[in-house]
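# Structure assessment
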Amino acid sequence: VLEFCCMKRICDGCNMAAQKRGMRDCPFCRIPLPANDASGDADNLAMLRARVVKKDPDAINVLGEKYYFGDLGLHKDTGREMELWTEAAQLGSTKALYNIGVAHHRGEMVDKDE
């Protein structure tokens, strides 16, 4: 599970254990988690964009992934995702480099050789 507030990942087992203990906030930074509905998507997107403004390479990469898959209410935008992945890679994100490599391998967002 990715926490958009602090860009930390928590395993499903730890997440379930925290919820059983009554924790309804982020286990790392203690920010209350948004609802699991459309308003929660808007809150997650706002938290993600706040991290992007701070030049967090992991957040920039994740925002690129959200554009790629059309998650959090975003429309798929191949140009924007590649811009974000390139920026994240320049800031040191190895996951962004991987995403760029996969896109090139699949022939997405690149001109195909004849």
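This write-up is about the structure you can find in this document. Just so we're clear, the structure is a prediction, and the values are computed from it rather than from any experiment. (Residues numbered from 1 in each chain as written. Predicted model: local features only at pLDDT ≥ 70, side-chain atom pairs only at ≥ 80, totals over all residues. Heavy atoms only, no water.)

Counting 26 residues, the largest nonpolar core has Phe4, Met7, Leu48, Val62, Leu63 and Trp85 as its most contacted members. Of all the elements in the fold, those that place two or more residues in this core are α2 (38–53), α3 (57–69), α4 (78–90) and α5 (94–106). The biggest single contributor to this core is α3, with six residues. Apart from the residues lying within four places of it in its own chain, the contact partners of Val62 are Leu2, Phe4, Met7 and Leu48. (Core = buried A, V, L, I, M, F, W, Y, C linked by side-chain atoms within 4.5 Å. Buried < 20%, exposed > 50% of the residue type's maximum accessible area, 1.4 Å probe, protein only. Helix = DSSP H or I, 4+ residues; strand = E, 2+ residues; numbered from the N terminus. Contact = heavy atoms within 4.5 Å.)

Orientation of α3 relative to α4, taken along the N-to-C sense of each, is 160°, at an axis distance of 8 Å. When the axis of α3 is compared with that of α4, the two are roughly antiparallel. Here α3 runs over α4; the crossing is left-handed. Seen from α3, the contacting residues are Pro57, Ile60, Asn61, Leu63, Gly64, Glu65, Tyr67 and Tyr68; seen from α4, they are Arg80, Glu81, Leu84, Trp85, Glu87 and Ala88. Residue classes in the contact of α3 with α4 are distributed as eight nonpolar, two polar and four charged. (Axes fitted to C-alpha atoms, helices over the stretch in contact; angles between N-to-C directions. Parallel < 35°, antiparallel > 145°, perpendicular 65-115°, else oblique. Left-handed = near helix turned anticlockwise from the far one by under 90°. Nonpolar A, V, L, I, M, F, W, Y, C, P; charged D, E, K, R; others polar.)

With that out of the way, let us pick up unusual backbone geometry. Located in the positive-phi region is Met7, a residue other than glycine, with phi close to 60°. Of note, Met7 is situated in the loop between β1 (2–3) and β2 (8–9). A residue is classified by how much of its surface remains accessible, and Met7, at 9% relative accessible area, is buried. Here Leu72, not a glycine, exhibits a phi torsion of approximately 55°, which is positive. Looking at the secondary structure, you find Leu72 in the loop between α3 and α4.

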